[in-house]
Amino acid sequence: MAESKQTKQAPEILHQEVVAQSRLFKIEQLQLRFSNGEERLYERMRGTGRGAVMVVAMPDPEHFYLVREYCAGTHDYQLGFPKGLIDPGEDPLVAANRELKEEIGFGARRLIPLKSVALAPGYFNATMHIVLALDLFPEQLTGDEPEPLEQVSWPRHHLDELLQQVDFTEARSVAALFLADAYLARNPDVFELTA
C-alpha cells in the first residue's frame, strides 16, 4: 500500500490577526513566509479547535438513518447524516453518541471511527470526524435544533438512488456514505460482533 508523507516545511507565520468576526465566525489574516522566501497574505475562517462529528447510524445491516434539516447556507432542507459540534471536554466518540441521541433518539453501543476530514482546508481550520454507529438503543436527549428533525431510514443497498436525491448534496455526507460503504465491504462480519 502506498503511503504519502508530508516532506515540505509549513510556511512561517510572521503575523496573524482577526480581521472580521461575527457571533459565529472569525476571519483571520495570516502573513506567511514560504521556504523559498516568498511572502503572502492568506485569510481563513478560524475554527474553535474542537471539531465536529458526523454519524452513520445503522439500526440493522440493511439500513442507515439520515436526517432532513434546514440549512441556512442554501436556505433549504437537506438530507444528511446526523452531525454536530464537539462540546468542550468531549472526545469525538462521546460527541457522536450525544449527537445521535439528540438528533435521532438513539444511542450506540459500538462507535467505529472511519476518518477525519477537512472541508476546504485552504480556507477553514475545521475537522469533521466521521463515525459508524452500530448496536443502537433508544435514548433521547434534548438538542439545540430549532425544530424537530425528520428522520429517514434508507436502504443500504440503494446508494445510487440516494446520490440522485436533489436534497442529498452535502459533500461531507457524500464522503461519509462512501467511507461507511467501503468499511462495511471490508468488514462484512461487523454486525455479527454486535451485542
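Residues numbered from 1 in each chain as written. Predicted model: local features only at pLDDT ≥ 70, side-chain atom pairs only at ≥ 80, totals over all residues. Heavy atoms only, no water.

1. Comments concerning the pairing of strand β2 (residues 26-33)
Here strand β1 (residues 12-21) runs beside β2; their pairing, made up of 8 bridges, is antiparallel. Of the residues in β2, the one forming a bridge with His-15 is Gln-31. Remark: 4 residues form the turn of the hairpin made by β1 and β2, two consecutive strands paired antiparallel. Taking the residues between adjacent antiparallel strands as the criterion, β2 and strand β3 (residues 39-45) are bridged by 5 residues, where Gly-37 takes a positive phi near 95°. (Pairing = 2+ DSSP bridges. Helix = DSSP H or I, 4+ residues; strand = E, 2+ residues; numbered from the N terminus.)

2. Structural notes on the pattern of salt bridges
Under the criterion given, the structure shown has 15 salt bridges. In this structure, a network of salt bridges that share partners links the residues Asp-87, Glu-90, Arg-98, Glu-99 and Glu-102. (Salt bridge = Lys/Arg side-chain N within 4 Å of Asp/Glu carboxyl O.)

3. Some remarks on the sheet that holds β2
Taken in spatial order, the 3 strands make up an open sheet running β1-β2-β3, and their pairing is antiparallel. Looking at which strands have only one partner, the edges of the open sheet turn out to be β1 and β3. On average, each strand axis in the sheet is inclined to that of its neighbour by 20°, with strand direction left out of account. The sheet contact formed by β2 and β3 spans 7 bridges and is antiparallel. Considered in β3, the bridge of Gln-31 is made with Leu-41. (Axes fitted to C-alpha atoms, helices over the stretch in contact; angles between N-to-C directions.)

4. Focus: the pairing of strand β4 (residues 52-60)
Most of β4 sits inside the fold, with 7 of its 9 residues counted as buried. For β4 and strand β7 (residues 83-85), the ladder comprises 3 bridges, and the chain directions are antiparallel. Paired with Ala-52 across the two strands is Leu-85, which belongs to β7. With 6 bridges connecting them, β4 and strand β9 (residues 127-138) associate as parallel partners. In the sheet register, Val-56 faces β9, and the bridge partner there is Leu-132. (Buried < 20%, exposed > 50% of the residue type's maximum accessible area, 1.4 Å probe, protein only.)

5. Looking at the UniProt feature "domain: Nudix hydrolase" (unreviewed entry) in the chain
Listed under "domain: Nudix hydrolase" (unreviewed entry) in the UniProt record, and renumbered for this structure, are residues 47-179. Here residues 47-179 runs as 20% helix and 43% strand, with 24 Å between its end C-alpha atoms. (UniProt positions renumbered as here; feature names shortened; annotations may be inferred.)

6. Remarks on the nonpolar core
In this structure, Val-56, Met-58, Phe-64, Leu-66, Phe-81, Leu-132 and Leu-162 are the most contacted members of the largest nonpolar core, which totals 27 residues. Among the elements of the structure, β4, β5 (63-71), β8 (106-118), β9, β10 (150-155), α2 (159-164) and α3 (171-186) are those that each provide at least two residues to this core. A total of 5 residues in this core trace back to one element, the largest contributor, which is α3. Other than its neighbours up to four places away in sequence, Val-56 contacts Phe-64, Phe-81, Val-131, Leu-132, Ala-133, Ala-176 and Ala-180. Judged by nonpolar contacts, the second largest core, of 16 residues, contains Val-55, Tyr-65, Ile-86 and Ala-108. (Core = buried A, V, L, I, M, F, W, Y, C linked by side-chain atoms within 4.5 Å. Contact = heavy atoms within 4.5 Å.)

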